[in-house]
Amino acid sequence: MRELDALRGFAVGGIMVVNTWQHLPHQPATGVDWVIDALFQGRFFPIFSVLFGISFVLFWRRAGRWVLLGRLAWLFCFGLIQHTFYGGEVLTDYAFYGTAVLLPVSFLAGGMPVLLLGLTVVGWAVLVGGGPLLIPGLFLVGMALMELRPPRWLLLPVFAVSALASALLTAAHAATGDWQVYGVAALAGAAAYATGLLLVLRPWLSALLEPLGRMALTNYVSGTLIIFLTTPWLKSDPTRWSVVVVATATVAAQILFSRWWLARYRYGPLEWIWRRLTWFRPVPNRLESGRDQNRPLPDPGVT
């Protein structure tokens, strides 16, 4: 699962860029606005959502649905707390759709029906406006991919097709302004980024991204806190280069902190609290001398 951690870290970094930018005024548009809108906006949260669906299957199989229901309930509470300083949080959406969609669908047999259902829901969401409505369909796609385990040789053709589709549709949106075209372009871009990263992933790059992904909750929440604190400066900068500075500095600091933290602890700060609340019992966190630092211990109570 280390590739999934790296992919999750990649998505967290992209989400930080988009979240820093999207709540600011974009007129008059600058080159930074164009680049983020064409290459970042809408391309990273689909990756994160699909990975959530994959993680859902992993946790459900290890711990059962009742424990997973409690885990989603606590995630909703995290979202409510985050909402007090950042109105664009998605943790409550993730917890809601995880409970309302993924739990019931987990009783279905077979990955292909779930994949078809997920793609149908994603298509419907694009037609009616996209945004958070894409989340349940993307969750289902992730769940189906975990069940189907598609062969690795599919990465290259999927990357080639999705990258070409994203480029053509992004150009079409620039010419027409059609937001449905933009939504499909963003999803194709997300597929291209995910498969492209998996194709080029090397040990040094994985080592850089894995810690960021293993502490995704901590890094996502702390990133939105940084955005809240720097918003007055961000809004006062008409060039939007402050977005690049804040996002880049935050992600770099998070990578360094995550590597430092995970060299000493099994789970990130919020990840550890989440596990304690889920199991409602002590969860060891500090690494012992000589223990493999690359892998967290199994969750308590999981056989």
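You'll find the structure just up there.
Nothing here was measured: the structure is a model prediction, and the numbers come from that model.

Another aspect to go through is the overall build of the chain. Helix and strand counts for the chain come out as 13 helices and zero strands. Going residue by residue from the N terminus, the α and β elements of the chain occur as α-α-α-α-α-α-α-α-α-α-α-α-α. Viewed in the frame of its principal axes, the chain has a C-alpha envelope of about 55 × 45 × 40 Å. Burial status across the chain gives 49% buried among its 303 residues. Restricting to contacts in the chain with at least 6 residues of sequence separation, those with at least 24 account for 73%. As displayed, the chain offers around 14900 Å² of accessible surface, 71% of which is attributable to carbon and sulfur atoms. Taking the average location of the 22 positive side-chain charges in the chain and that of its 14 negative ones, the two points are 9 Å from each other.

A few words now on the packing of aromatic side chains. Per the stated rule, a full pass over the model turns up 17 aromatic pairs. Between the aromatic rings of phenylalanine 96 and tyrosine 97, the centroid separation amounts to 5.2 Å while the plane-to-plane angle is 70°, which identifies the pairing as edge-to-face. Judged by relative accessible area, which is 48%, phenylalanine 96 ranks as partly exposed. Tyrosine 97 sits in the buried class, given a relative accessible area of 15%. Ring-pair connections join several aromatic residues into one group, and the members of that group are Phe10, Phe40, Phe44 and Tyr193. The residue whose ring lies beneath arginine 43 is tyrosine 182, and the NZ or CZ to ring-centre distance is 5.4 Å. The positively charged end of arginine 71 is found above the aromatic ring belonging to tryptophan 274, 3.7 Å away from the centroid.

Bringing a nonpolar patch on the surface into the picture now. Side chains of Trp124, Leu127, Val128 and Leu133 sit close together on the surface and give an oily, nonpolar patch of about 390 Å² of accessible area. Looking at the element boundaries, leucine 127 is found in helix α6 (residues 111-128).

For the rest of this paragraph, the subject is unusual backbone geometry. Leaving glycine out, the prevailing phi sign among residues is negative, and the prevailing peptide bond configuration is trans. Geometrically, the link from glutamine 27 to proline 28 is a cis peptide bond, its omega value of -5° lying close to zero. Relative to the helices and strands, proline 28 resides in the loop between α1 (2-22) and α2 (31-39). For arginine 240, which is not a glycine, the phi torsion comes out positive at approximately 70°. Of note, arginine 240 is situated in the loop between α11 (216-235) and α12 (241-262).

Take the layout of surface pockets next. Approximately 1200 Å³ is the volume attributed to the second largest pocket. Around the second largest pocket, the lining is made up of 34 residues, and of these Val50, Leu145, Pro150, Leu155 and Thr195 lie nearest the centre. Secondary-structure elements contributing two or more residues to the lining of the second largest pocket are α1, α3 (45-63), α6, α7 (134-148), α8 (155-176) and α9 (179-200). A per-element tally of the lining of the second largest pocket places α9 first, with seven residues. Split into classes, the residues belonging to the lining of the second largest pocket amount to 28 nonpolar, two polar and four charged.

With that settled, the discussion passes to the nonpolar core. By size, the foremost hydrophobic cluster in this structure holds 73 residues, and its most contacted members are Ile47, Phe56, Leu75 and Leu217. Looking at this core, the element that brings in the most residues is α3, giving ten residues.

End to end, helix α4 (residues 65-83) covers 27 Å across 19 residues, agreeing with the expected 27 Å (1.5 Å per residue, within 8%). Buried within α4 are the following residues: Leu68, Arg71, Leu72, Leu75, Phe78, Gly79 and Gln82. End-on view of α4: buried residues confined to an arc of 110°, all on one side of the axis. Facing away from the buried surface of α4 by more than 90 degrees, the exposed residues are Trp66 and Ile81. Of the surrounding elements, those touching the buried residues of α4 are α3, α5 (91-105), α11 and α13 (269-279).

Under the defined criterion, the tally for this structure stands at one cavity of 30 Å³ or more. Quantified by volume, the largest cavity comes out at close to 70 Å³. Along the walls of the largest cavity sit Val12, Ile15, Met16, Asn19, Asn219, Tyr220, Gly223, Thr224 and Gln254, which together make up its complete lining. For the lining of the largest cavity, the elements supplying multiple residues, two or more each, are α1 and α11. Residues that form the lining of the largest cavity fall into these classes: four nonpolar, five polar and no charged.

Turning our eyes to something else, we now look at the side chain of arginine 43. Mapped onto the elements, arginine 43 comes out in the loop between α2 and α3. Lacking a salt bridge, the buried arginine 43 has aspartate 37 as its closest oppositely charged neighbour, with an N-O distance of 6.2 Å. A polar side-chain atom of arginine 43 sits 2.9 Å from the main-chain carbonyl oxygen of alanine 38. Within polar-contact distance, the side chain of arginine 43 engages the backbone oxygen of glutamine 41 at 2.9 Å. The residues contacting arginine 43, other than those within four sequence positions of it, are Asp37, Ala38, Ser166, Thr170, Tyr182, Ala185, Ala186, Gly189, Ala190 and Tyr193.

Reading the values: rules and limits
- Residues numbered from 1 in each chain as written.
- Predicted model: local features only at pLDDT ≥ 70, side-chain atom pairs only at ≥ 80, totals over all residues.
- Heavy atoms only, no water.
- Helix = DSSP H or I, 4+ residues; strand = E, 2+ residues; numbered from the N terminus.
- Buried < 20%, exposed > 50% of the residue type's maximum accessible area, 1.4 Å probe, protein only.
- Contact = heavy atoms within 4.5 Å.
- Areas by Shrake-Rupley, 256 points an atom, 1.4 Å probe, with all protein chains shown as cover.
- Lys, Arg positive; Asp, Glu negative; His and termini not counted.
- Charge placed at Lys NZ, Arg CZ, Asp CG, Glu CD.
- Phe/Tyr/Trp six-rings, centres within 6.5 Å; stacked < 30°, edge-to-face > 60°.
- Lys NZ or Arg CZ within 6 Å of the ring centre and 35° of its normal.
- Patch = residues over 30% accessible without salt bridge, like charges linked within 9 Å, V, L, I, M, F, W, Y side chains within 5 Å.
- Salt bridge = Lys/Arg side-chain N within 4 Å of Asp/Glu carboxyl O.
- 1 Å grid on protein atoms, 1.4 Å probe; cavity = no way out; pocket = protein on both sides within 12 Å on 5 of 7 lines; lining within 4 Å.
- Points joined across faces, edges and corners; volume = space filled by probe spheres on them.
- Nonpolar A, V, L, I, M, F, W, Y, C, P; charged D, E, K, R; others polar.
- Core = buried A, V, L, I, M, F, W, Y, C linked by side-chain atoms within 4.5 Å.
- Expected span 1.5 Å × (residues − 1).
- Arc of directions from axis to C-beta.
- Polar contact = N/O pair within 3.5 Å; in protein donor to acceptor, adjacent residues only side chain to side chain.

Nothing here speaks to function; it is geometry throughout.
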